[in-house]
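Below, each chain spelled out in residue letters.
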Amino acid sequence: MLRLITKHKEYGEFKSPEFALRSSHFYAAVLSSPSEFAIGLTISRKTGKAHLRNLLKRRVKAWLRLQRDVLPSGFKLNLVARSGAGELTWQDLCQELTDLTGQLRARS
RNA sequence: CGGGAAGAUCAGAUGUCCGCUGUCUCCUUGCGGGACAGAGGAAAGUCCGGACACCACAGGGCGGGAUACUUCCUAACGGGAAGCUGCAGCGAUGCAGAGCCAGCUCCACAGAAACAAACCGCCCGGCGCGCUCCUUUUUUCUGCCGUUGAGAGACCGCAGUUUUUAGUGUCGGGCAAGGGUGAAAUGGUGGUGUAAGAGACCACCGGAAACCUUGGUGACAGGGUUUGCCGGGAAUGCCUUAUCCGGUGCAAUGCCAAAUAGGGAAGCCAGGAAGCGCUGCCCGCGCGUUAUGGCUUCCGGGUAGGCAGCUUGAAUCCGCCCGCGAGGACGGAUCCAGAGGAAUGGACAUCAGCCGCCGCGCCAGCGGCGGACACAGAAUCCGGCUUACGGUCUUCCCGCCGG
RNA sequence: GGUCCAGUAACUCAGCGGUAGAGUAUCUGCCUUUUAAGCAGAGAGUCGUUGGUUCGAGUCCAACCUGGAUCA
């Protein structure tokens with residue numbers, strides 16, 4: 001099942017990840033976690049101004065909602081936005097996130 | 001039509017599907033259904049001012065900070081309105097604003113001097129050197145002509161002769177007109193005057209100050225009289241004068257409060273030594289004080305976490321009255337985000353607007369295609385300022401063309 | 001969210017309103033068999049940006065930009 005990480009302490013676990021995934025605009029630190037798919041978002045000020053950061057967060061959440069039935073289970077990950085991620089269009093964002101989950105599914 | 005100036009206003013709309021936050025409500029109480037509401041003009045920068053909260057505080061002074069034409073508005077302001085003066089602009093308009101007649105300080109380079117000054121210069125005097133020629137004037141003498149007179153002589157003219165002055169250097173003094181320096185050098189023009197000069201004096205012009213007067217609440221403006229009063233700049237240099245200001249900020253502050261580890265109290269148990277009793281002594285037992293340790297209970301501080309503060313307010317809209325205006329008074333209506341790793345997104349369609357490109361048309365315009373549709377995301381709340389930015393409308397100014 | 005600093009040469013910093021400086025680094029000579037050290041010299045600045053005050057701003061004033069620190 002899908003779960004968003006909203007507690008400060010839980011983000012501390014990502015300081016020593018099991019493995020990491022990279023794409024051109026994102027970085028994901030991954031831990032294994034049985035029978036759930038937990039995701040946290042980290043979007044720093046370098047990504048863009050406040051309205052761009054909010055837009056990116058909402059779009060990632062919307063994408064997760066659309067894909068909730070086909071997400072792989074057994075992972076806990078922190079998705080970090082890199083510079084330039086705020087300027088992505090909706091179509092490019094979907095493509096990149098789908099590629100990332102493809103990498104994740106190959107690991108499991 | 002083109003180029004400007006000032007102000008006001010909007011920040012796409014509608015529908016369908018999936019999804020988020022809050023409040024209310026319904027029942028089959030479960031991560032249920034329904035209704036309603038859900039970012040901005042700047043939410044930004046955090047540059048000012050308040051509300052509110054806690055801390056400090058007799059009163060006053062010094063120190064520190066802020067502000068600075070006038071009158072007003074306001075809870076308050078460094079904000080705003082209406083004016084005044086100066087500057088810029090052909091103009092609509094815009095920008096600036098206490099005081100260098102309290103004192104101190106600074107003004108590079110250049111220049112004599114940024115002060116009460118003198119380099120060149122103009123003038124006077126002393127001393128030294130020099131003194132060619134011409135002209136003019138005055139004086140002395142001589143000659144000639146003329147006039148007058150009896151004469152001596154006097155007068156006029158011409159010629160000659162002699163002396164002095166006019167040059168330069170230096171010293172002392174006077175002057176501030178001219179030259180030159182600079183961003184800036186002591187009001188301007190003409191005259192009188194003087195050795196040369198100078199508002200030293202005079203006329204006119206330009207300012208300034210004092211007094212009187214008219215208008216204005218006032219800044220100030222107009223008029224008149226008098227005074228030669230007329231020497232820069234910098235207070236966004238120190239400063240002076242006037243007014244205002246205690247500090248910290250919702251991560252303020254208050255309440256509830258887990259686990260773990262500390263603190264305090266009580267009880268029980270263990271436990272070493274002093275004392276008392278049984279008993280005069282020893283052992284033993286009991287009572288009992290007190291280090292220490294353990295357990296239980298209670299209290300207090302307090303962390304994670306939760307709740308309050310948290311959105312009804314100098315509020316918004318409408319009407320009417322007062323005021324040139326900023327704004328104020330009254331009446332009515334409305335409740336309009338309250339999140340807390342932080343809520344507004346995604347997909348599709350239609351219409352409107354804007355922008356870009358292409359095609360047609362003499363122009364106005366018409367058609368098609370495309371567009372993360374400008375800047376940008378509330379975090380205690382208000383009043384401003386500043387900065388970013390897409391349109392629309394109104395009023396005004398200038399230029400050109402046509403009637 | 002609040003508060004407070006800083007910005008000058010490639011780097012670290014000075015700078016009394018009057019011609020922008022020091023050390024390190026770089027480059028070029030000299031020295032040395034060569035390098036290092038040493039000696040001599042050179043180049044390199046929109047003083048974060050834009051306005052204002054001033055005759056004249058790195059400096060004074062205002063607005064903005066970019067970094068950083070701090071408060072649980």
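Residues numbered from 1 in each chain as written. Chains lettered and ligands numbered in written order. Predicted model: local features only at pLDDT ≥ 70, side-chain atom pairs only at ≥ 80, totals over all residues. Heavy atoms only, no water.

Here we take up the overall build of chain A. Each helix and strand in chain A was counted, giving 3 helices and 5 strands. Listed N to C, the secondary structure of chain A is β-α-β-β-β-α-β-α in terms of helices and strands. On the principal axes, the C-alpha backbone points of chain A span a range of 35 × 30 × 20 Å. Out of the 108 residues in chain A, the part that is buried amounts to 40%. At a minimum sequence separation of 6, the contacts of chain A that also span at least 24 residues come to 80%. On chain A, roughly 6700 Å² of surface is accessible, and the fraction owed to carbon and sulfur atoms is 52%. Treating the 19 positive side-chain charges of chain A as one cloud and the 9 negative ones as another, the clouds have centres 8 Å apart. (Helix = DSSP H or I, 4+ residues; strand = E, 2+ residues; numbered from the N terminus. Buried < 20%, exposed > 50% of the residue type's maximum accessible area, 1.4 Å probe, protein only. Contact = heavy atoms within 4.5 Å. Areas by Shrake-Rupley, 256 points an atom, 1.4 Å probe, with all protein chains shown as cover. Lys, Arg positive; Asp, Glu negative; His and termini not counted. Charge placed at Lys NZ, Arg CZ, Asp CG, Glu CD.)

Here we come to the confidence of the model for chain A. Confidence along chain A averages 81 in pLDDT terms, with 97% of residues attaining 70 or more. Overall fold confidence (pTM) sits at 0.74, and the ipTM for the predicted complex is 0.78. (pLDDT = per-residue confidence, 0-100.)

A few words on the nonpolar core. In this structure, Phe26, Phe37, Leu77, Leu79 and Leu104 are the most contacted members of the largest nonpolar core, which totals 23 residues. Contributing elements (two or more residues each) for this core: strand 2 (19-22), strand 3 (26-32), strand 4 (37-42), helix 2 (50-66), strand 5 (75-81) and helix 3 (90-107). When residues of this core are assigned to their parent elements, the largest contribution, 5 residues, is made by helix 3. Other than its neighbours up to four places away in sequence, leucine 79 contacts Phe26, Tyr27, Ala28, Ile39, Gly40, Leu41, Thr42, Val60, Leu97 and Leu100. (Core = buried A, V, L, I, M, F, W, Y, C linked by side-chain atoms within 4.5 Å.)

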